[in-house]
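Chain and residue survey
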Amino acid sequence: DTEVTQTPKHLVMGMTNKKSLKCEQHMGHRAMYWYKQKAKKPPELMFVYSYEKLSINESVPSRFSPECPNSSLLNLHLHALQPEDSALYLCASSQGRGSYNEQFFGPGTRLTVL
Amino acid sequence: GDSVTQMEGPVTLSEEAFLTINCTYTATGYPSLFWYVQYPGEGLQLLLKATKADDKGSNKGFEATYRKETTSFHLEKGSVQVSDSAVYFCALSNNNAGNMLTFGGGTRLMVKP
């Protein structure tokens, strides 16, 4: 299995809602990532988990809350989002944190905040 | 800090034309270099990679050579197809920068029949 899966594919939420994005990989990778991608832009790193511990938080607002319940799963909890948070949210994983380790990306969750 | 610069798109080609997408980088040390492709409505897929100088990455007819002397990693394909229409991202990963991916701005390729 060389896939990273993400659910849901699409999500529409109001500014007062609480929702969660889910990411799963079964490649035995020990590093997992959340990215945000706006239209016509490259992905921007949000969080990095290494061996299930948060190792990088790129100054992301607290309305985004990551969680890594085990080595295969990564969640992103959303609360009180703003319309400008509408974007494609991508999850990725890699075998480790070495520079030669390519990251495998999921198909993304298209989030719309009304 | 590290940076990646790609030619701006869109690049519009006819089917079977030769493709070059330029990519240059600025980084200390010895980064690894990657090309990712993003088809409409999808996530990023790794197209090819090179981890040291003079390495050539290749996949699906695409090639790129890691040129340390010119700090470049240009993407080439001899004969493009309509199905190659996508956005292409050049990226680097550097031990000196926490091994995070630094992306170029992306280049949209449109191939017409």
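Structure: see above.
What this report covers is the structure whose coordinates are included nearby. Predicted model, so just to flag it, every value in this text is computed and none were measured. (Residues numbered from 1 in each chain as written. Chains lettered and ligands numbered in written order. Predicted model: local features only at pLDDT ≥ 70, side-chain atom pairs only at ≥ 80, totals over all residues. Heavy atoms only, no water.)

Quick notes on the overall build of chain A
A count of helices and strands for chain A gives 0 helices and 11 strands. Start at the N end of chain A and walk to the C end: the helices and strands fall as β-β-β-β-β-β-β-β-β-β-β. Relative to the compact-globule value of 13 Å for 114 residues, chain A shows a C-alpha radius of gyration of 13 Å, a close match. Based on the C-alpha atoms only, the size of chain A along its principal axes is roughly 40 × 25 × 20 Å. Taking all 114 residues of chain A together, 51% fall into the buried category. A fraction of 55% describes how many contacts in chain A between residues 6 or more apart in sequence connect residues 24 or more apart. If you sum the accessible surface of chain A, you get close to 5,500 Å²; carbon and sulfur atoms cover 50% of it. (Helix = DSSP H or I, 4+ residues; strand = E, 2+ residues; numbered from the N terminus. Rg over C-alpha atoms; globule rule 2.2 N^0.38 Å. Buried < 20%, exposed > 50% of the residue type's maximum accessible area, 1.4 Å probe, protein only. Contact = heavy atoms within 4.5 Å. Areas by Shrake-Rupley, 256 points an atom, 1.4 Å probe, with all protein chains shown as cover.)

Focus: the sheet that holds strand E7 (residues 56-59) of chain B
Residue and element names in this part refer to chain B. The sheet built from 4 strands is open, its strands ordered E3-E9-E8-E7 with antiparallel pairing. This sheet does not close on itself; its edge strands, each paired only once, are strand E3 (19-21) and E7. Sheet twist, expressed as the mean angle between neighbouring strand axes with direction ignored, is 15°. In this sheet, strand E9 (residues 75-77) lies alongside E3 in antiparallel orientation, the contact comprising 3 bridges. By the bridge assignment, Leu19 is partnered in E9 with Lys77. (Pairing = 2+ DSSP bridges. Axes fitted to C-alpha atoms, helices over the stretch in contact; angles between N-to-C directions.)

What about the sheet that holds strand E1 (residues 4-7) of chain A?
Residues and elements named next belong to chain A. Spatial strand order, E1-E3-E8-E7: 4 strands in an open sheet with antiparallel pairing. In this open sheet, the two strands that pair with only one neighbour each are E1 and strand E7 (64-70). Taken over all neighbouring pairs, the strand axes of this sheet differ in orientation by 20° on average, direction set aside. Two strands pair when backbone bridges link them, and E1 and strand E3 (residues 18-25) are joined in this way by 4 bridges, in the antiparallel orientation. Bridge pairing in E3 places Gln6 opposite Cys23.

What to know about the pattern of salt bridges
One pass over the full model with this rule turns up 6 salt bridges over all chains. Note that Glu102 of chain A and Lys49 of chain B form a salt bridge whose closest N and O atoms lie 2.6 Å from each other. Here Glu102 of chain A is found in the loop between strand E9 (87-94) and strand E10 (104-105), whereas its partner Lys49 of chain B is found in strand E6 (residues 44-50) on a different chain. Glu102 of chain A gets classed as buried once you look at its relative accessible area, which sits at 19%. Assessed through its relative accessible area of 30%, Lys49 of chain B is described here as partly exposed. Between Lys77 of chain B and Asp84 of chain B there is a salt bridge, with its nearest N and O atoms 2.7 Å apart. By the burial criterion, Lys77 of chain B is buried, and Asp84 of chain B matches it. (Salt bridge = Lys/Arg side-chain N within 4 Å of Asp/Glu carboxyl O.)

Digging into the nonpolar core
If you look at the biggest cluster of nonpolar residues, it comprises 26 residues, and the most contacted ones within it are Leu19, Trp35, Leu48, Phe73, Leu75 and Tyr88 of chain B. Those elements that place two or more of their residues in this core are strand E2 (11-14), E3, strand E4 (23-26), strand E5 (32-38), E6, strand E8 (62-65), strand E10 (86-93) and strand E12 (107-112) of chain B. Among all residues touching Leu48 of chain B, those that are not within four sequence positions of it are Leu33, Phe34, Trp35, Gly57, Ser58, Asn59, Phe62, Glu63, Ala64, Phe73 and Leu75 of chain B. Tyr49, Leu81, Tyr89 and Val113 of chain A belong to the second largest nonpolar core, which has 23 residues in total. (Core = buried A, V, L, I, M, F, W, Y, C linked by side-chain atoms within 4.5 Å.)

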